[in-house]
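# Structural features, examined
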Amino acid sequence: MRGGGGEFPSRAVPGLLPWQFPLCALLLGLLALRFPWPALAGLVLLWALAGAGPGRRAALLGAAFALGWGLAAWAMPAGPGEVAPWMAERRVAEVTGRVARVESVPGRQLRVFLAGARYALDDGAQGALPGLVLWTWQEPLAWPHPGQSVAVRLRVRPVRGFANPGQWDARFHWGRQGVFYRGFTRGEGGQPRLGDEPPGPGARLRASLRQAVEAAAPDGPGRALLAALVLGERFFVAPEAYDTVRRSTLAHSLALSGMHLGFAAGLGLGLAWALGRLWPGLLLRMARPRLGVLLGAPLVGLYVWLGGATPSLLRAGLMFAAWGALLLLGRGRVLLDGLLLALALLVAADPLVVHDIRLQLSAVAVAGIAVLVPPVWRLLPGREAARGAGPAVWAARGARALAGVLLVSLAANVALLPLLVWNFTETGLALHLNVLWLPVLGLAAVPAGLAGAVLAVTPGLGEAGRWLLGADAALLEGAMAALSALDARGWLPVATLPRPLWPHLVGYYALLVGLAALVHARARAALGVCLAGALLLAWPGLWAGATGQGRALGLTVLDVGQSQAVLLDLPGGGRVLVDGGGGFPGGLDPGRAVVLPALARGRWPGLDMMILSHPDHDHYGGLGAVAGAVPVGVFVHGGRWPDSGSGRALRAALEEGGVPVRTVGAGDVLDLGPGLALEVLHPGNQRSRGSSNNQSLVLRLVWHGRPLALLPGDVEQAGIQRLLAEGADLRAGVLVVPHHGSASSLSPELYARVGARLALAGTGFLNYLGLPDAQVRLALARAGVALYDTGRCGAVRVTWAAPDAPARLETALGCPGTAAMP
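Just so it is clear, the model here is predicted, and its values are computed rather than measured.

The rules behind each value
- Residues numbered from 1 in each chain as written.
- Predicted model: local features only at pLDDT ≥ 70, side-chain atom pairs only at ≥ 80, totals over all residues.
- Heavy atoms only, no water.
- Pairing = 2+ DSSP bridges.
- Helix = DSSP H or I, 4+ residues; strand = E, 2+ residues; numbered from the N terminus.
- Axes fitted to C-alpha atoms, helices over the stretch in contact; angles between N-to-C directions.
- Salt bridge = Lys/Arg side-chain N within 4 Å of Asp/Glu carboxyl O.
- Buried < 20%, exposed > 50% of the residue type's maximum accessible area, 1.4 Å probe, protein only.
- Parallel < 35°, antiparallel > 145°, perpendicular 65-115°, else oblique.
- Left-handed = near helix turned anticlockwise from the far one by under 90°.
- Contact = heavy atoms within 4.5 Å.
- Nonpolar A, V, L, I, M, F, W, Y, C, P; charged D, E, K, R; others polar.
- Phe/Tyr/Trp six-rings, centres within 6.5 Å; stacked < 30°, edge-to-face > 60°.
- Lys NZ or Arg CZ within 6 Å of the ring centre and 35° of its normal.

### Here's the deal with the sheet that holds strand 18 (residues 661-663)
Hydrogen bonding along the main chain pairs the strands of a sheet, whether they run parallel or antiparallel. The eight strands are arranged 18-17-16-15-14-13-26-27 in an open sheet whose pairing can be described as mixed. Edge positions in the open sheet fall to strand 18 and strand 27 (807-811), since each of these has one partner strand only. Between one strand axis and the next, the sheet turns through 20 degrees on average, direction left out of account. In this structure, strand 16 (residues 609-611) lies alongside strand 17 (residues 635-637), joined through two bridges in parallel fashion. Residue isoleucine 611 lies in a different strand from strand 17, and its bridge partner there is valine 636.

Structural data, given as structure tokens:
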């Protein structure tokens, strides 16, 4: 093949060795524990790519896959059974245990993992808590160290998180690490008491380094980034600063990985170059690349330790060791060989490590660089011009080096795109900033940080180390100020892309690998893999068309914690969002964390209509993020605007997007398409200035005259009485229980007038209000209405295939009904 005017080498992309095909099958088997269908599809594609045929090689791949699946099932810790009554009652317990490890997260929070934990209640009851207990300590008074004893009063609860189809599974994420329970305190809350066990040498050294970083610079973004880059501690990074870095497409630079170890290894090569200049005779005894490996090895090891030996850092360290060994033995570096060898060693130590998102992102990025960069690099112009000496040659070399940085970044992002979108929904578009940011990190920030950290803890050189760390922090402060200025001008655009379904995910990578294999001259097998990838990419759309999924009507009460968000999927593809969840102001934004991923699942996100039932934070808090990220056809509300930071952000997002605003009341009808409408039943013209709950919009979903669902917001008994007195037709097959099932909205008369057979409630898991209230559950059970709440069942979805079709119910957690619940 020829390209760019020169010979295109057939081995521009390294191929897999025979032992690596069974390893890939083993890795797919490990992933099958959580993703069985994608893993099986990947196995079939791997079999085709390997050209195994029906013989022993195919049997070997199948056996490796089965072994991986079995290993994952064997290694998965068994979680506890039912929720203990004292946890369900939200009683506070004194929890004691020993610190297993500590992680820092943005927003001045520590995750303290307690082993051997026990609980003691005020009534004298006590017992053991199996596995690890995750204690999140915000604004901590001290920094616990491994091995230290801890006693703290916690409201312990099982780990669950939000439960929505196709979204992040917090229970699996923590469960595979043996974490089954969690609790939260802030500052002095919980009366934490730490034991006087002295820290080990490693903990003392890390504490000294952390103190040196704190002392080197004033509190601010520069010091926060310095601690993240040198120690892997993101404790000091403010959420707003992290969001700016994320929008800049540079968040990967704060998660220590192979890129940072590459900087450390590059520092070793730089030292080798300098020693060769100062002592040329040294190069007669050892070639510069080998000397660079030997000098870089301690720096790489130091960085792995400083970063907390995360899976991505361990993977990169093992890869460096493999490449270094090959180089010292006289062989060239093989990127994919080093990657797969590192993965094999990591899996041997912990089979479930393949489910670590940090490792997945790191490994896929390296694989993308290995597969995509070599052939493109050979096509770039300027190879001949960069040979020789003189200013023009140096300029050509500089331009080619910058092009290389951008190429590596693009290759990594192309490989990561489906994983990034699946996990984070939004992706930044300012990839060009990597060309400026990464050289600053590699040539200045990381080397200066490493050198400053070493000097800061070296006797007699502490002042020099602190000065170097301070200068590094100032550099990063300036870089962060530049990013903030770009963000303020709107120059850091973010796109909300469709989140891939598993056929999309497998099809994308099949195409990528198939095209790479074509370059590697595996023409027949590679062409088949490419065709299979294209078919998988088209399959969800073909299946939806063949089964008529696009003609159905769906109503989903999303699991957004103790708040409410209802998504309507209309026949023909339209969508309506009624409320967007909220939670506590300043906490997790359910709009970005839950609603956006739901809107983007398998399709381009967008809303025909956004409705705010009433201005309470647990209903509008997530709408601002949604309105700022996706197109909205019209915004509908009842006349009251929320007066808070989140409310102002919502109005600003609507104004910036040019979204028309409509105020509605009783008697209005919202047209959703042929024969489909939302009837507004409340409030009427007589609107009080009292509780906003009683001014909630009460909406009834009707399809060709058939009343399907009633959505009454948070209307309470006073508003319900007015609604009943007005004599409106309230009949519906599904009732979204008013006010999350609160006793303040209890109304057997309303339940009778609606005549629903299904009741849905948006509640939080083990929520502090105990919703749905016991009286509401009892009244619904007496009326013969089956109750499903998101706190117990996860997201609840009801679909109607046609106006006269029966309702079909699905829950994220496979929850049975509670009609007989007392």
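### A short note on unusual backbone geometry
Cis geometry marks the peptide bond from histidine 682 to proline 683; its omega dihedral reads 0 degrees. Take proline 683: it is sitting in the loop between strand 20 (676-682) and strand 21 (698-703). Of note, the bond from leucine 771 into proline 772 is cis; its omega dihedral lies within 30 degrees of zero at -5 degrees. Structurally, proline 772 can be placed in the loop between strand 24 (758-761) and helix 26 (774-782). The backbone phi angle of histidine 739 is positive, close to 55 degrees, even though this residue is not glycine.

### A word on the pairing of strand 27
Pairing of strand 26 (residues 796-800) with strand 27, which is carried by five bridges, proceeds in the antiparallel orientation. What sits directly across from valine 796, in strand 27, is threonine 811. Linking strand 26 to strand 27, which pair antiparallel, is a turn of six residues.

### Thoughts on the pattern of salt bridges
Evaluated as defined, the whole model comprises 25 salt bridges. Between arginine 466 and glutamate 463 there is a salt bridge whose closest N-O contact spans 3.2 Å. Here arginine 466 and its partner glutamate 463 are both found in helix 17 (residues 462-488), three residues apart, which amounts to about one turn of the helix. The partly exposed category is assigned to arginine 466, whose relative accessible area is 31%. The exposed category is assigned to glutamate 463, whose relative accessible area is 56%. Taking the shortest distance from any N to any O, the salt bridge between arginine 700 and glutamate 679 comes out at 3.1 Å. Pair noted here: arginine 700 is in strand 21 and glutamate 679 is in strand 20, with a separation of 21 residues, a long-range link. On the accessibility criterion, arginine 700 (6% relative accessible area) is buried. It is possible to trace a salt-bridge network through shared partners that takes in Asp243, Arg246, Glu426 and Arg592.

### Here's the deal with the sheet that holds strand 25 (residues 786-789)
The sheet built from seven strands is open, its strands ordered 19-20-21-22-23-24-25 with mixed pairing. The two strands at the open ends of the sheet, each matched to only one other strand, are strand 19 (669-673) and strand 25. Sheet twist, expressed as the mean angle between neighbouring strand axes with direction ignored, is 20 degrees. Across two bridges, strand 22 (residues 706-711) lies against strand 23 (residues 734-736) in parallel orientation. Paired with leucine 710 across the strands is leucine 735, a residue of strand 23.

### Digging into the packing of helix 6 (residues 201-216) against helix 7 (residues 221-231)
Here helix 6 crosses helix 7 at 155 degrees, and the two axes come no closer than 10 Å. When the axis of helix 6 is compared with that of helix 7, the two are roughly antiparallel. Considering the relative orientation of helix 6 and helix 7, their crossing is right-handed. When helix 6 is examined against helix 7, the residues Arg206, Leu209, Arg210, Val213 and Glu214 are found in contact with a partner set consisting of Arg223, Leu226, Ala227 and Leu231. Its residues placed into classes, the contact of helix 6 with helix 7 shows five nonpolar, no polar and four charged.

### Section: the packing of helix 1 (residues 20-31) against helix 13 (residues 335-349)
It is at 11 Å that the axes of helix 1 and helix 13 come closest, and there the two elements cross at 50 degrees. The pairing of helix 1 with helix 13 is recorded here as oblique in orientation. Regarding helix 1 and helix 13, the two cross each other, and that crossing is left-handed. Residues Gln20, Leu23, Cys24, Leu27 and Leu30 of helix 1 touch helix 13, and the partners they reach there are Asp337, Leu340, Leu343, Ala344 and Val347. Split by residue class, the contact of helix 1 with helix 13 holds eight nonpolar, one polar and one charged.

### Side note on the packing of aromatic side chains
Each aromatic ring pair is described using two quantities: the centre-to-centre distance and the angle formed by the ring planes. This model, assessed by the stated rule, comprises nine aromatic pairs. Aromatic side chains phenylalanine 65 and tryptophan 69 sit 5.8 Å apart centroid to centroid with 85 degrees between the ring planes, which places their arrangement in the edge-to-face category. Of the two residues, phenylalanine 65 and tryptophan 69 are both situated in helix 3 (residues 56-75); the distance of four residues between them amounts to about one turn of the helix. Seen in terms of ring centroids, phenylalanine 113 and tryptophan 174 are 5.8 Å apart; in terms of plane orientation they differ by 45 degrees. Their pairing is tilted. Taken together, the residues span a long stretch of sequence, with phenylalanine 113 in strand 4 (residues 109-121) and tryptophan 174 in helix 5 (residues 170-175) at a distance of 61 residues. Looking at arginine 223, its charged tip hangs above the ring of phenylalanine 236, at a distance of 5.1 Å from the centre. Above the ring of tryptophan 422, the side-chain terminus of arginine 499 is found at 5.0 Å from the ring centroid.

### Looking at the environment of leucine 769
Turning to its location among the elements, leucine 769 is positioned in the loop between strand 24 and helix 26. The exposure class of leucine 769 is partly exposed, given its relative accessible area of 47%. When the C-alpha positions of leucine 769 and leucine 441 are compared, they lie 48 Å apart, and in sequence the two are 328 residues distant.

Read these as spatial facts, not as claims about activity.
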